[in-house]
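# Structural overview for review
For reference, the chains in residue letters:
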Amino acid sequence: MRILLYNPDNGVTRNFMPHLWMFLLQSLTPDGHEVVLIDGNAQPMDEAGIARFVRQQNIGLVGIGAMTRMIAKAYRMADAIRAVGVPVVMGGPHVTEEADEALGRNGGPRHADAVALGEADETWPKIVEDAARGQLKDIYAPVDDFGQERKPSLKEYPAIPWDKINLDQFNLVPQLAKRTLQRISDGWGTFRIIPMESGRGCPYGCEFCTVTGFFGDSIRFRTNESVVNELLLLKARARREGGQIAVFFIDDNFAINIKRTKSLLRDIIAAGAQLHWVAQISANLLRDEELVDLIAASGGKWVFIGMESIDPTNLADVNKGFNKPGEYAAVLQRLAQRNVYAITSFIFGMDNDTVGVAERTLKEIRTWPAGLPIFGLLTPLPATPLYKRLEAAGRLTRPKHWQEFIPFAMAHTPLKMTIAEAHAEVKAGWAHAYSPEAVAQAVDSLKDKPLGYRINIFIARMCFRGIYFPQMGPLAWLKLIYQNRRTISSLVKEGLSTWRGRPTNPVADGSLQTGVGAT
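Below or above, wherever it landed, is the structure these notes cover.

The rules we used
Residues numbered from 1 in each chain as written. Predicted model: local features only at pLDDT ≥ 70, side-chain atom pairs only at ≥ 80, totals over all residues. Heavy atoms only, no water. Pairing = 2+ DSSP bridges. Helix = DSSP H or I, 4+ residues; strand = E, 2+ residues; numbered from the N terminus. Axes fitted to C-alpha atoms, helices over the stretch in contact; angles between N-to-C directions. Contact = heavy atoms within 4.5 Å. Buried < 20%, exposed > 50% of the residue type's maximum accessible area, 1.4 Å probe, protein only. Right-handed = clockwise from strand over helix to strand, strands pointing away. Disulfide = S-S within 2.5 Å.

## Structural notes on the sheet that holds strand E11 (residues 277-280)
With parallel pairing, the 6 strands of this open sheet are ordered in space as E7-E10-E11-E12-E13-E14. The sheet is open, and its two borders are formed by strand E7 (191-196) and strand E14 (372-377), each paired with just one other strand. Adjacent strand axes in the sheet meet at a mean angle of 20 degrees when their direction is disregarded. In this structure, strand E10 (residues 244-249) lies alongside E11, joined through 3 bridges in parallel fashion. The residue of E11 that forms the bridge with Val-247 is Trp-277. Strands strand E13 (341-348) and E14 of the sheet are contacted by helix H16 (residues 419-433), whose axis makes an angle of about 165 degrees with E14. Taken strand by strand, helix H18 (residues 451-468) contacts strand E12 (300-308), E13 and E14, and its axis lies near 15 degrees from that of E14.

What follows is the structure, given as structure tokens:
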């Protein structure tokens, strides 16, 4: 049987990396079946397109995984697939909490023939076998002999064959630039960001987060050896292809067990398995100097930090009081001293936010090392404590907001400002943090670093700007280039000067090597 694993985009914003679940389930599929992967972020499709694909490719089963912000698109695609007679199984955090919605048991249309609740590591092989026999059940849940939910151990983690998987659709290098970039230093004809996990679960239980509910509050870890082996496979592939691969550790909190994280990072270094990597780590865990040293030595380049707010009252309200805004600057400086930079995430529309929260936050950001700030609105996701609290208080304005995804739009009424005011604050945050002036300041703040670091922060700022202001066409990109022409001109001039003055043996030039490698 041919199986399609499909991950939709939300139709508005697109991710910069594929989702791990597709590769994981492909590796867990029983022998005798062929698995095809399509990520809607890399291969956009509409309903007619996916229906045509499953017919032409003789697909016998489609698995669709989607988070809440993608679920409306996922349902539409599932409906189109089922209309041509191909069964669909859906899974992921949203479907786990809203199984009746997916199965049409709440008065709405049915979108799936079956749903996989929770983590599907153990149930997926059974789903495939049942589908091959034409005997799909409505619900598959990972439970033990007593009917209690069972979380899979990660000690026997499946080997994902990264050296053999076709990753063409995930190359972030534009086709027009591929040939030129292949000739630069180690070769940049391909650049892919690959998801990897080293553990699952989070004990913190932040009010707005789905992770603790889905993965549990106890942490399960893969063996260091399996993580290192996966990194070595990716590193060998990048070298063989003359391209670049970076890894995004998708653990909700990569350093939640500091002792274990240090052990893993030491093993990565000892094995020579360093690739440039990104991970999510809470600010409170980055007080540890040795941990930050190991992050830098093992290839860590960016750390995603969910700061959420500079207001301690807000943080306490959403059960994230372990974040201490007074420590943010020191944490970011500690990273920057080791050439590791931060993606700092903020949420507006919290209960203690008032008009002007964007400027107050930006004022703090301007005192920190250059990084990538991102701004969003407090969003009540189904089954989270936040959703339940707002529902009980009658504050939900769009109780089923996921049925019509609107990016950067609130689904409840804030306490101390209007919905329109909250929307304006988010827009102001993005507009000012990614203005040509702010971009130029960020680049200039790294003037004591090799050129590569400044190019890196510039490109990253341009790409992250697209989260809120999508740059989907040539005209939008040309306008953006014009707006940032002074910064671009400065970087180009310095680059030409460096290139003209480089030694005969460029590999011996430490600045060139460091600059190009600063991902």
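## A look at the pairing of E10
Here E10 lies mainly inside the structure; 6 of its 6 residues are buried. With burial as the criterion, each face of E10 is covered, one bearing Gln-244, Ala-246 and Phe-248 and the other bearing Ile-245, Val-247 and Phe-249. As paired strands, E7 and E10 are joined by 6 bridges and run parallel to one another. When the bridges of E10 are listed, Phe-191 appears paired with Gln-244. Note that the unit made of E10, helix H10 (residues 258-270) and E11 has a crossover that is right-handed.

## Points about the state of the cysteines
Note on terminology: disulfide describes a covalent bond linking the sulfur atoms of two cysteines. Applying the stated criterion across every chain yields a total of 0 disulfides. Here Cys-202 stays unpaired: no disulfide links it, and the sulfur of Cys-206, its closest cysteine neighbor, is 6.3 Å away. The thiol of Cys-206 is not disulfide-bonded; the next cysteine sulfur, from Cys-209, is found 6.1 Å away.

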